[in-house]
Amino acid sequence: MHLRHRLRALTVGGLALLTGATALPAAATAAPERGHRPSGGGLSAVIRYTEYGIPHIVGKDYANLGFGQGWAQAADQVCVLADGFVTLRGERSRTFGADRKPDGSLSEAGDNLSSDLFFRGINDARTVEKLLEQPAPAGPGKQSKELMRGWAAGYNAWLRQNRINDPACKGAGWVRPVTALDVARRGYAITVLGGQGMAADGITGAHPTTGAGPKPGAKDLAAAARKVFDRQNADMGSNAVAFAGSTTADGRGLLLGNPHYPWAGGRRFWQSQLTVPGELNVAGGSLLGLPMISIGHNADIAWSHTVSTGVPLSLYELKTAPSDPYSYLVDGRPEKMTKRTVTVPVRGKDGRVSDVTRTQWHTRYGPVLTSLTAELPLPWTAASVFVLVDPNAANLRFGESSLGLSKARSVQDVRDVLRRTQGLPWVNTIAADSRGHSLYTQSQVLPRVTDELAARCSTPLGRQTLPAGGLAVLDGSRGACALGKDADAAQPGIFGPSAMPTLVDAPYAENSNESPWLANADRPLTGYPRIFGDIATQRGLRTRGSIEGVAAMAERGKLTVDDLQKLQFSNRAPAGDLAAEDAAKACAALPSGTARGSDGKPVDVSAACGVLAAWDRTVGTGSKGALLFDRFWRRLVDDEAIPADQLWRVPFSAASPVKTPNTLNTGHPGFARALADTVRELRSADIALDAPLGKHQFVTRNGKRIAIPGGTNALGIWNIIEARGWNAARGGYSDVGVGSSYIQAVGFDGSGCPVARTLLTYSQSSNSASPHYSDQTELFSAGRMVRGRFCEKDIMASPKLKVVRVGER
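Residues numbered from 1 in each chain as written. Predicted model: local features only at pLDDT ≥ 70, side-chain atom pairs only at ≥ 80, totals over all residues. Heavy atoms only, no water.

Student: Looking at this model, I keep getting lost on the overall build of the protein chain. Mind explaining?
Tutor: Check the secondary structure of the protein chain and you find 22 helices and 32 strands. Against the globule reference of 28 Å for 809 residues, the protein chain gives a C-alpha radius of gyration of 27 Å, in line with a compact fold. Viewed in the frame of its principal axes, the protein chain has a C-alpha envelope of about 80 × 75 × 60 Å. Residue pairs in contact within the protein chain that sit at least 24 positions apart in sequence constitute 70% of those at least 6 positions apart. Of the roughly 29,100 Å² of accessible surface on the protein chain, a fraction of 50% belongs to carbon and sulfur atoms. (Helix = DSSP H or I, 4+ residues; strand = E, 2+ residues; numbered from the N terminus. Rg over C-alpha atoms; globule rule 2.2 N^0.38 Å. Contact = heavy atoms within 4.5 Å. Areas by Shrake-Rupley, 256 points an atom, 1.4 Å probe, with all protein chains shown as cover.)

Laid out in structure tokens, this is it:
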């Protein structure tokens, strides 16, 4: 039987339900939001589960496919998803208390009250509803809307038919049915994470200052902007590399994607395959709550994203009108701000619920704010006020872009999709196809701040922040400083596709969260406006190490998917390659093997010298010396025991950006001091200097310790693992905050069945009662990946195959 007919037969067949129908928790039947009934309509899907609980979902159309996706996500992640919908409804203060902190997955609000004010402001303005009403391509198309409708119906059906056993929300009244609008709102929240979502506290708390008070200096704010928008040293980011056919064993493309995302909470990935017979067939990772594949592959292409250096927001500094802080001047004429009153229900410590009302202020450019982050205060004074320009606040095309990528058949198709949809908010795209083409492009929604506009319109603050961190601050009192519109742009005020830095068919195209400049070191990209990123500046160790590694692979040639897996788990530490030998020699040269710590007391560090010399320069679970170097290096770099501009003896040279700077400045007093402090710290915790890394970098799942490979960004490691702080009493790095997440290594052999290896490092489910709570985490510990099952014959051959039909009835 033809594959399409077989899959349709499965979809409509009478297969058993995944689970028996059981009663909902009482509060799960609470009334939905007025005017938006929970989705329904007799939808169904077939789910084929293979090893590690990976679902291969088949629907006869997009609504039914979305139904299966919503059902399966709820089965694995119902508590995390439900928590997110509480956030989107603006009900955290009533549900959990106003002072508690959200998990940061949907905004950077500092507490639940700020989060509720932010999201209720969006909901009261019907922002998402208005974007949904826009016809494609300005808004989402019919298929995207059907996926959202189906996802909500699938989630609701799972709630009706199953009893929750996850202790995180078992019996909780806040687990409620959702609507397609809720799903759209989740996608919108993710889209504005780099703009309004970042500034949630500054928007919801904006009010004029009552006194003069100290005003932050432009240089201080520029330094803060550099820190806030520094992708090089950010915890969250990604790596990806595409190899062209000229470098591979079979002349076809290869892609390795390695996003670094939170290991807990609502910004986790979740893995699946989505199929509408004859229409769509794609596998990969979705951000929770989204019905589309975010990073993945089909039979002909593979793609990944990396967080870009393009700053997806800008600021206008406005002059306030005389004697009226709620009016501002444009070309000398006053304009009144728009007042938005937002009310949030808050549960007090006595259990009573009362309303809290705050006012938000908006201008022609966007919302007023009094801080971008805690590090970037922007006071609203009697003379001036700042407003946020976030073009993604008018963008609900992210899902349309993801769906288009899922259907693409070539690198050229990828470019066409991104040109048509213009929906990616804050990421680069790296792709490879079965014909041997490679792609890097920074196609994202960015404020249209050209270098010419910045030169004409930057305020004194903007002249500091734009070069330092890519943050434009423009003079909003002049109408001539409006952002304008590119002829090929999907909306006013953004760059069109022709402006996007793009590299096609390079032997390799790589990005590790730095600017487009060195996507390929032999073909540097230049000529783009500063807001996209910088050029000819020092690269981070992760970029330098990645380029060295992938360039050597491309030069060697004959590459296969196995080579990609080896790269992922090589766990090479470029900082160690550059500095460990010098550190060991300088350690051995210390008089009597002694160094003085920060407290001035002597410490015998002689044993550390041999450990550093013998360390294999990797951060595998068995690496001896990795922990010692890690703790030492963090003191040098993160704590600036040696100032950044004095760390290396050979300075950066734009003529040799991958090799410089180099040669550790061991003569600086901070070197010996950091070494002494590190040795004393480990000994005080009774941790051997040569302890294997995995003994002290681990997670605990159901009472079992699982050693975790990888290391911090400061070490330059591809396989990033950022622990939730150091706690010697708990064994060291005892939990992971952010790191390698949905990993995919994909190639093509001409058979129509891609050669794929995947890994979801933290596993499919956050429910400790699930059999898929830690199974892939153990694979990650062992440096192994999952064999991809994309084609029908491979799915049906799975020894763990479980075929189920799920439906609304």
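Student: Can you help me understand the state of the cysteines in this one?
Tutor: For the structure shown, the criterion picks out 4 disulfides. Across a sulfur-sulfur distance of 2.0 Å, Cys 79 and Cys 169 are joined as a disulfide pair. Torsion about the S-S bond of the Cys 79 and Cys 169 cystine: about -75°, corresponding to left-handed handedness. Here Cys 169 lies in the loop between α6 (142–161) and α7 (180–191) and Cys 79 lies in helix α2 (residues 62–89), a separation of 90 residues in the sequence. Cys 79 gets classed as buried once you look at its relative accessible area, which sits at 4%. With a relative accessible area of 1%, Cys 169 lands in the buried category. (Disulfide = S-S within 2.5 Å. Buried < 20%, exposed > 50% of the residue type's maximum accessible area, 1.4 Å probe, protein only.)

Student: When you look at empty space enclosed by the protein in this model, what are you seeing that I'm missing?
Tutor: Tallied over the full model, the rule gives 7 cavities of 30 Å³ or more. Taken as a whole, the largest cavity holds about 180 Å³ of empty space. Met 148, Gly 187, Met 292, Phe 398 and Gly 399 are, among the 17 residues lining the largest cavity, the residues nearest its centre. For the lining of the largest cavity, the secondary-structure elements that each account for two or more residues are α6, α7 and α10 (398–407). In terms of residue count, α7 provides more of the lining of the largest cavity than any other element does, 5 residues in total. What the second largest cavity holds in volume is close to 150 Å³. As for the second largest cavity, its lining consists of 18 residues, of which Ile 54, His 56, Gln 271, Gly 788 and Arg 789 are closest to the centre. Among the elements of the structure, β2 (54–58), β5 (269–276), β6 (280–287), β30 (755–760) and β31 (786–787) are those that each provide at least two residues to the lining of the second largest cavity. (1 Å grid on protein atoms, 1.4 Å probe; cavity = no way out; pocket = protein on both sides within 12 Å on 5 of 7 lines; lining within 4 Å. Points joined across faces, edges and corners; volume = space filled by probe spheres on them.)

Student: Explanation requested: the nonpolar core in the structure shown.
Tutor: Nonpolar side chains in soluble globular proteins tend to end up buried together. Core analysis: the largest hydrophobic core is formed by 183 residues, its most contacted members being Tyr 155, Phe 243 and Leu 372. Of all the elements, α2 adds the most residues to this core, at 15 residues. Ignoring sequence-local partners within four residues, the contact set of Tyr 155 consists of Gly 70, Trp 71, Ala 74, Val 78, Leu 81, Ala 82, Phe 85, Arg 176 and Val 178. Formed by 46 residues, the second largest nonpolar core is a distinct cluster that contains Ala 573, Ala 580, Ala 586 and Ala 641. (Core = buried A, V, L, I, M, F, W, Y, C linked by side-chain atoms within 4.5 Å.)

Student: Explanation requested: the confidence of the model for the protein chain in the structure shown.
Tutor: Do not read the predicted coordinates in detail wherever pLDDT is low. For the protein chain, mean pLDDT is 93; residues scoring 70 or higher make up 93% of the total. Mean pLDDT across the elements of the protein chain ranges from a minimum in helix α1 (residues 3–12), with 38, to a maximum in strand β17 (residues 438–441), with 99. (pLDDT = per-residue confidence, 0-100.)

Student: How do you make sense of the pairing of strand β25 (residues 698–701) when you look at a structure like this?
Tutor: Remark: a regular strand shows side chains that alternate across the two faces of the sheet. Examined bridge by bridge, β25 and strand β26 (residues 704–707) share 4 bridges and lie antiparallel to one another. Residue pairing for β26: Val 699 is matched across the bridge by Ile 706. (Pairing = 2+ DSSP bridges.)

Student: I'm lost on the layout of surface pockets in this one. Help?
Tutor: Leftover empty space is mapped by rolling, across the atoms, a probe with the size of a water molecule. By volume, the second largest pocket amounts to about 730 Å³. Along the wall of the second largest pocket there are 29 residues; nearest its centre are Gln 196, Tyr 365, Gly 366, Asp 390 and Ala 393. Of all the elements in the fold, those that place two or more residues in the lining of the second largest pocket are α4 (112–124), α5 (127–133), β13 (353–362) and β15 (384–389). Counting residues per element, the lining of the second largest pocket draws most heavily on α5, at 3 residues.

Student: Can you help me understand α10 in this one?
Tutor: One turn of the α-helix equals 3.6 residues, which is why residues spaced by three or four share an orientation. For α10, a buried count of 8 out of 10 residues is recorded, marking the element as mostly surrounded by other parts of the structure. Listed in full, the buried residues belonging to α10 are Phe 398, Glu 400, Ser 401, Ser 402, Leu 403, Gly 404, Leu 405 and Ser 406. Against α2, α6, α7, β6, β8 (301–307) and α11 (411–421) lie the buried residues of α10.

Student: How should I be thinking about the sheet that holds strand β1 (residues 44–50) in this particular structure?
Tutor: Two pairing modes exist for strands in a sheet, parallel and antiparallel, and in both the strands are linked by backbone hydrogen bonds. As summarised here, the arrangement of the 10 strands in space is β19-β17-β16-β8-β7-β6-β5-β2-β1-β32, forming an open sheet in which the pairing is mixed. Only two strands of the sheet have a single partner each, and these edge strands are β19 (502–504) and β32 (802–807). Taken pair by pair, the neighbouring strands of this sheet meet at an average axis angle of 20°, ignoring direction. Bridge count for strand β7 (residues 295–297) against β8 is 2 bridges, and the pairing is antiparallel. Along β8, the bridge assignment pairs His 297 with Ala 302. (Axes fitted to C-alpha atoms, helices over the stretch in contact; angles between N-to-C directions.)

Student: It is not clear to me how unusual backbone geometry should be interpreted in this structure. Could you clarify?
Tutor: Residues apart from glycine generally show negative phi values, whereas peptide bonds are mostly found in trans. Here the amide bond leading from Ala 136 into Pro 137 is cis, since omega sits at 5°, within 30 degrees of zero. For Pro 137, the position within the fold is in the loop between α5 and α6. Geometrically, the link from Thr 660 to Pro 661 is a cis peptide bond, its omega value of 0° lying close to zero. With respect to the element layout, Pro 661 can be found in the loop between β23 (648–650) and β24 (662–664). Of note in the backbone geometry, Asn 513 takes a positive phi value of approximately 70° without being a glycine. Inspection of the secondary structure assignment puts Asn 513 in the loop between β20 (508–511) and α14 (541–556). Positive phi values are uncommon outside glycine, yet Asn 702 reaches one of about 50°.

Student: I would appreciate a short explanation of the pattern of salt bridges in the present structure.
Tutor: A side chain of one charge can pair with a side chain of the opposite charge if their charged atoms are brought near each other. Counted by the stated rule, this structure contains 33 salt bridges. Its salt-bridge partner being Arg 89, residue Glu 91 comes within 3.2 Å of it at the nearest N-O pair. The pair Glu 91 / Arg 89 is uniform in exposure class, with both members buried. The shortest N-O distance in the salt bridge between Arg 176 and Glu 91 comes to 3.0 Å. Taken as a pair, Arg 176 in the loop between α6 and α7 and Glu 91 in the loop between α2 and α3 (92–96) lie far apart in primary sequence, 85 residues in all. For the pair Arg 176 and Glu 91, a shared accessibility class is recorded, and that class is buried. Look at the salt bridges and you will find they share partners, linking Arg 89, Glu 91, Arg 94 and Arg 176 into a network. (Salt bridge = Lys/Arg side-chain N within 4 Å of Asp/Glu carboxyl O.)

Student: Whenever I open this one, the pairing of β20 confuses me. Can you help?
Tutor: Going residue by residue along β20, you find Tyr 508 and Glu 510 tucked away on one face and Ala 509 and Asn 511 tucked away on the opposite face as well. The sheet contact formed by strand β3 (residues 237–243) and β20 spans 4 bridges and is antiparallel. Within β20, the residue paired with Ala 242 across the bridge is Ala 509.

Student: Is there a simple way to think about the environment of Gly 752 in this case?
Tutor: Residue placement: Gly 752 occurs in the loop between β29 (742–747) and β30. Take Gly 752: its relative accessible area is 38%, and that puts it in the partly exposed class. Residues Gly 752 and Lys 695 lie 57 residues apart in sequence; the distance between their C-alpha atoms is 43 Å.

Student: Just to check I follow, could you spell out the packing of α6 against α7 for this structure?
Tutor: The geometry of a pair of packed helices is captured by two quantities: the angle between their axes and the separation between those axes. At a closest axis distance of 8 Å, the pairing of α6 and α7 adopts a crossing angle of 115°. By the angle class used here, α6 and α7 are roughly perpendicular. Crossing of α6 over α7 shows right-handed handedness. Judged by residue contacts, Met 148, Arg 149, Trp 151 and Ala 152 of α6 engage Ala 180, Val 183 and Ala 184 from α7. Split by residue class, the contact of α6 with α7 holds 6 nonpolar, no polar and 1 charged. (Parallel < 35°, antiparallel > 145°, perpendicular 65-115°, else oblique. Left-handed = near helix turned anticlockwise from the far one by under 90°. Nonpolar A, V, L, I, M, F, W, Y, C, P; charged D, E, K, R; others polar.)

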